[in-house]
Number of protein chains: 2
Amino acid sequence: MSTFNVELKKVVDDSYDIEIGFELMDKLIWDLKNGLVGKLRKFAVITDSIVKDLYADKIYNRLLKEGYQADLFVFQEGEKQKNRRTKEEIEDAMLAKGYRRDCCIIAVGGGVVTDLAGFIAGTYGRGVPFINYATTLLAAADASVGGKTAVDTPLATNLIGLFNQPEKVYLDIATWKTLPQRQIISGMAETIKHACLASREFFDYLDANMDKLLQVEQEACEHIAEENCKVKYEVVMKDELESGLREVLNLGHTVGRAIETVSEYELLHGEAVSIGMVAEVKLAYKLGYVTAEERDQVIDLLAKARLPISIPDYIDREMLVKKLYTDKKVRDGKLRFVIQKGIGNVVEFEPGVFATPIEESVAREIIMDM
Amino acid sequence: MSTFNVELKKVVDDSYDIEIGFELMDKLIWDLKNGLVGKLRKFAVITDSIVKDLYADKIYNRLLKEGYQADLFVFQEGEKQKNRRTKEEIEDAMLAKGYRRDCCIIAVGGGVVTDLAGFIAGTYGRGVPFINYATTLLAAADASVGGKTAVDTPLATNLIGLFNQPEKVYLDIATWKTLPQRQIISGMAETIKHACLASREFFDYLDANMDKLLQVEQEACEHIAEENCKVKYEVVMKDELESGLREVLNLGHTVGRAIETVSEYELLHGEAVSIGMVAEVKLAYKLGYVTAEERDQVIDLLAKARLPISIPDYIDREMLVKKLYTDKKVRDGKLRFVIQKGIGNVVEFEPGVFATPIEESVAREIIMDM
């Protein structure tokens, strides 16, 4: 018996820039011409059926005009298409068009597109570079930092995927103008969540500028895009040390995800998270971590963003409680919730533990009263 | 417009050990008990329908006996099953059994199993640890170093996958005893290739010990397993610097892969590579890189290993030349071949370039004469 050691220690630099601005296609082309992806000249533009007409076509045509080789790969819009079959179809289409390892993927769209395209890039030819051109506030708030890419399966959301960092991210605020108002509002929930868990100052900014934001005024939107990146980056980076901090991003999501499911996806993700944040700030108040005033400030800001702050009538509250407390994560009858401390902090219950187990009766009382 | 920099520079240590020996299940269990995969106690044992009865069942039962949680995931044996559908079926079976991120995959089998299971491990829950328990000489010669995992698609071999390093590899020589003689012989081709490209001493060892090796004598087999790891490691490690050196592993493969395809997979991979090595050493002789004596030594060693050294009659040589010279890699009518210099060296034509373009007429002359 003998042992052969394969020594594979190395420094990996996955750093990248997020460009935040208004109309960024020119900047993208400028970057490509200046070596963003080295000498690569073949681009697979991946997008969905809605974003295709709005932006992806323009980027695709511009690439051709600049002398690059490019093809559009379009899938039907919607979270339901973020699955292995769509991944396979795009891979096969890329193979049929002769794409090998010497290409770069450009994802143009919201979180579904960037999640899927980033995953495809991670396994195509054992990994090709990719660029995210993000067209939604939610992508700005959520999908730009962290490197999480994935697809859904019938039995699990986001469980098949990998960590994969893009070469660059473009957050083009101009694209937000074409979003339906309901999408803008929904995207605001993750932004408010970031403020609640990390920055009182950001919270106050949102409170003072919500109207401008909902009208997609450039300067205010650029500011919140930056702040979102900052919060997400700080949380995710610190979690590289496996401090468990990443868990704080679940603020509002424990109740939120359950409502989203029980509503049978009638509610958008951000809408469900908003209701979840209301429930969880009420819980924080009950546990003594926020004052009545702070609790009301959080609820008022969500309302100002025109997000729902109570459970819709068509949702069976009893079923919601049951959904929560039959989750796999329930231990000894208790489910863990992230709790905010005042506004701009989350509670670290003990080193590396950012959620606390709550009994069903306590959660029920809050939910029944919403 | 503003730029937010996501700084993600870090030291990654993917080092691992390859355990080479006879009957290694006890060692595997010992390693698990001593923290090889930390505190994980859930093991998904992935194997194929042949290896299941031979080894995987034993390992699975032993894990249960030792108090671990374990399940067997079995797919139909054969290269054809190394596809996205099999990956999906195993993922769904793992999800249905409640596997989440807190598990470890143990691949028990040859290259098909380790390629597939390593890819599944890379994307399951965005990456779970995996262990390779390799049961073939080919896996020892080829699949243990390099971290390449992948599946095949109708349009491309090994193009969907990722680089993923195992926690540990076990090369259990005892398992080779159950291989059909044809598989042992086929596996020997990659071993001889390693000798031809990297070590005259290893070549002479193979020449002196071929009978022992074909009879799977423990000591000789352990020695070649080690030497295979060493050569592969040196080539792959140096290529971390992107020197292009990895290309030398294609020795014999340019012609070999074409023959494998034209034979409609009647020939095993190693058999086809053997014929390819004969063609390519003849080419090396023609170009003046090996003497007539060295050329004959290579051909004689392949023959001693009972590998085929001429193109079977049922293969249309004209079709083979056509297959080679309609490849995507043909540039200006020339196809690139790795050329060995003497025995134990490959030619570096210029810094980082280990293959040289050869005209169709030159290749045709050699192939027509085989």
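Use the structure listed above.
A brief structural summary. Bear in mind that the values here come from a model prediction, so they are computed numbers and not experimental data. (Residues numbered from 1 in each chain as written. Chains lettered and ligands numbered in written order. Predicted model: local features only at pLDDT ≥ 70, side-chain atom pairs only at ≥ 80, totals over all residues. Heavy atoms only, no water.)

Details of the overall build of chain A
Moving on, step 1. Looking only at helices and strands, one finds 13 helices and twelve strands in chain A.
Moving on, step 2. For 370 residues, the compact-globule formula gives about 21 Å, and the C-alpha radius of gyration of chain A, at 21 Å, lands near that figure.
Moving on, step 3. Taken along the three principal axes of its C-alpha coordinates, chain A extends 70 × 60 × 35 Å.
Moving on, step 4. For chain A, the residues scored as buried account for 57% of the 370 residues in total.
Moving on, step 5. Long-range contacts, defined as pairs at least 24 residues apart, comprise 77% of the intrachain contacts of chain A with a sequence gap of at least 6. (Helix = DSSP H or I, 4+ residues; strand = E, 2+ residues; numbered from the N terminus. Rg over C-alpha atoms; globule rule 2.2 N^0.38 Å. Buried < 20%, exposed > 50% of the residue type's maximum accessible area, 1.4 Å probe, protein only. Contact = heavy atoms within 4.5 Å.)

Remarks on the relation of the copies chain B and chain A
One chain copy maps onto the other through a rotation about an axis and a shift parallel to that axis.
Moving on, step 1. Its rotation angle being 180°, the transformation that places chain B on chain A also includes 0.0 Å of axial translation and leaves an RMSD of 0.1 Å. Such values leave the two copies arranged in the relation of a two-fold axis. Residues of chain B ranked by C-alpha distance from the rotation axis are headed by Val 11 of chain B, positioned 2.1 Å from it.
Moving on, step 2. Both copies share a contact surface, since 100% of the interface residues of chain B are interface residues in chain A too. (Least-squares fit on C-alpha atoms with pLDDT ≥ 70 in both.)

A short note on the pattern of salt bridges
In a structure, side chains of opposite charge can pair up when their charged atoms sit close to one another.
All names here are of chain A.
Moving on, step 1. Within the structure shown, the criterion is met by 52 salt bridges over all chains.
Moving on, step 2. Between Lys 168 and Glu 19 there is a salt bridge, with the nearest N and O atoms lying 2.8 Å from each other. Pair noted here: Lys 168 is in strand β10 (residues 168–172) and Glu 19 is in strand β3 (residues 16–21), with a separation of 149 residues, a long-range link. The two residues Lys 168 and Glu 19 agree in class, both being buried.
Moving on, step 3. Ionic pairing is found between Lys 304 and Asp 207, a salt bridge with its closest N-O pair at 3.3 Å. Of the two residues, Lys 304 is situated in helix α11 (residues 292–304) and Asp 207 in helix α7 (residues 200–214); the sequence distance between them amounts to 97 residues.
Moving on, step 4. According to the relative accessible area criterion, Lys 304 is partly exposed, its value standing at 37%.
Moving on, step 5. For Asp 207, a relative accessible area of 31% puts it in the partly exposed group.
Moving on, step 6. Each member of the salt-bridge network shares a partner with another, and the members are Glu 19, Lys 27, Asp 31 and Lys 168. (Salt bridge = Lys/Arg side-chain N within 4 Å of Asp/Glu carboxyl O.)

Digging into the packing of aromatic side chains
Moving on, step 1. Inspection of every chain in the model, using the stated rule, returns ten aromatic pairs over all chains.
Moving on, step 2. Ring plane angle 85° and centroid distance 5.9 Å describe the contact between Tyr 289 of chain A and Phe 349 of chain A, whose orientation is recorded as edge-to-face. Within this pair, whereas Tyr 289 of chain A is found in the loop between α10 (269–286) and α11, its partner Phe 349 of chain A is found in the loop between β11 (334–338) and β12 (355–359), the two being separated by 60 residues in sequence.
Moving on, step 3. Its relative accessible area of 28% is what places Tyr 289 of chain A among the partly exposed residues.
Moving on, step 4. What makes Phe 349 of chain A partly exposed here is its relative accessible area of 27%.
Moving on, step 5. Arranged with centres 5.9 Å apart and planes meeting at 25°, the rings of Tyr 133 of chain B and Tyr 170 of chain B form a pair that is stacked. With a gap of 37 residues between them, Tyr 133 of chain B in strand β7 (residues 130–134) and Tyr 170 of chain B in strand β10 (residues 168–172) connect regions that are remote in the sequence. (Phe/Tyr/Trp six-rings, centres within 6.5 Å; stacked < 30°, edge-to-face > 60°.)

Comments concerning the environment of Glu 167 of chain A
Residue and element names in this part refer to chain A.
Moving on, step 1. Residue placement: Glu 167 occurs in the loop between β9 (156–163) and β10.
Moving on, step 2. The partly exposed category is assigned to Glu 167, whose relative accessible area is 32%.
Moving on, step 3. C-alpha of Glu 167 to C-alpha of Asp 14: the two residues are 153 residues apart in sequence and 8.1 Å apart in space.
Moving on, step 4. Leaving out residues up to four positions away in the same chain, Glu 167 has contacts with Tyr 16, Asp 17, Leu 36, Val 37, Pro 129, Phe 130 and Ile 131.

Quick notes on the interface of chain B and chain A
When the parts of a complex come together, some accessible area is lost, and that lost area is often taken as the interface size.
Moving on, step 1. Taken together, the contact between chain B and chain A spans 63 residues of the former and 63 residues of the latter.
Moving on, step 2. Area buried by chain B at its contact with chain A is led by Phe 4, Leu 8 and Arg 126 of chain B, which between them contribute 16% of it.
Moving on, step 3. Counting across the interface, chain B meets chain A through six salt bridges.
Moving on, step 4. A salt bridge links Arg 85 of chain A to Glu 88 of chain B, with the shortest nitrogen-to-oxygen separation between them at 3.1 Å.
Moving on, step 5. Summed over the shared surface of chain B and chain A, the number is 36 residue pairs in polar contact (both at pLDDT 80 or more).
Moving on, step 6. For the side of chain B that touches chain A, the leading source of residues is helix α3 (residues 84–96) of chain B, giving eight residues.
Moving on, step 7. Residues of the side of chain B that touches chain A, tallied by class, amount to 26 nonpolar, 14 polar and 23 charged.
Moving on, step 8. Both strand β2 (residues 9–13) of chain A and strand β2 (residues 9–13) of chain B contribute to a ladder of five bridges, which runs antiparallel. (Buried area = accessible area lost by both parts, 1.4 Å probe. Polar contact = N/O pair within 3.5 Å; in protein donor to acceptor, adjacent residues only side chain to side chain. Nonpolar A, V, L, I, M, F, W, Y, C, P; charged D, E, K, R; others polar. Pairing = 2+ DSSP bridges.)

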